[in-house]
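Observations on the three-dimensional arrangement
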Amino acid sequence: MIHKTWEQSETIKKVECVHNEAEKFVVQNVLTPGKVYDVKNESEEFYFVLDNSGRIGGFYKGYFKEV
């Protein structure tokens, strides 16, 4: 149940959004290109970041570059 405390957990690293153009998903409402986001958790395929809505969202790593 780690996902319930991610918002309060330590930031692992910071990543910058490079684009928000998704083929299948609507991410332009919650990601802003050029903005730096705090990574709270990470998997092989996803970063779990505190997005523009103020909640944790899981996004493909292709949307970001490490800062």
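Read on for a plain summary of the structure. (Residues numbered from 1 in each chain as written. Predicted model: local features only at pLDDT ≥ 70, side-chain atom pairs only at ≥ 80, totals over all residues. Heavy atoms only, no water.)

Things to note about the overall build of the chain
- Within the chain, the secondary structure is distributed over zero helices and five strands.
- What you see in the chain, going N to C, is helices and strands ordered as β-β-β-β-β.
- On C-alpha atoms alone, the chain measures out to a radius of gyration of 11 Å, which is about the 11 Å that the 2.2 N^0.38 rule sets for 67 residues.
- If you line up the chain on its principal axes, its C-alpha atoms span 30 × 25 × 20 Å. (Helix = DSSP H or I, 4+ residues; strand = E, 2+ residues; numbered from the N terminus. Rg over C-alpha atoms; globule rule 2.2 N^0.38 Å.)

Brief notes about the environment of E23
- Mapped onto the secondary structure, E23 falls in the loop between β1 (13–17) and β2 (36–42).
- Spatially, the C-alpha atom of E23 lies 22 Å from that of V36, the residues being 13 residues apart in sequence.

What to know about the sheet that holds strand β5 (residues 64–66)
- Within the open sheet, the five strands sit side by side as β4-β3-β2-β1-β5. Their pairing is antiparallel. On the outer flanks of this sheet lie β4 (56–60) and β5, each paired with one strand and no other. For this sheet, the mean inter-axis angle between neighbouring strands, taken without regard to orientation, is 45 degrees.
- Here β1 pairs with β5 via three bridges, running antiparallel. Pairing of C17 across the sheet is with F64, part of β5. (Pairing = 2+ DSSP bridges. Axes fitted to C-alpha atoms, helices over the stretch in contact; angles between N-to-C directions.)

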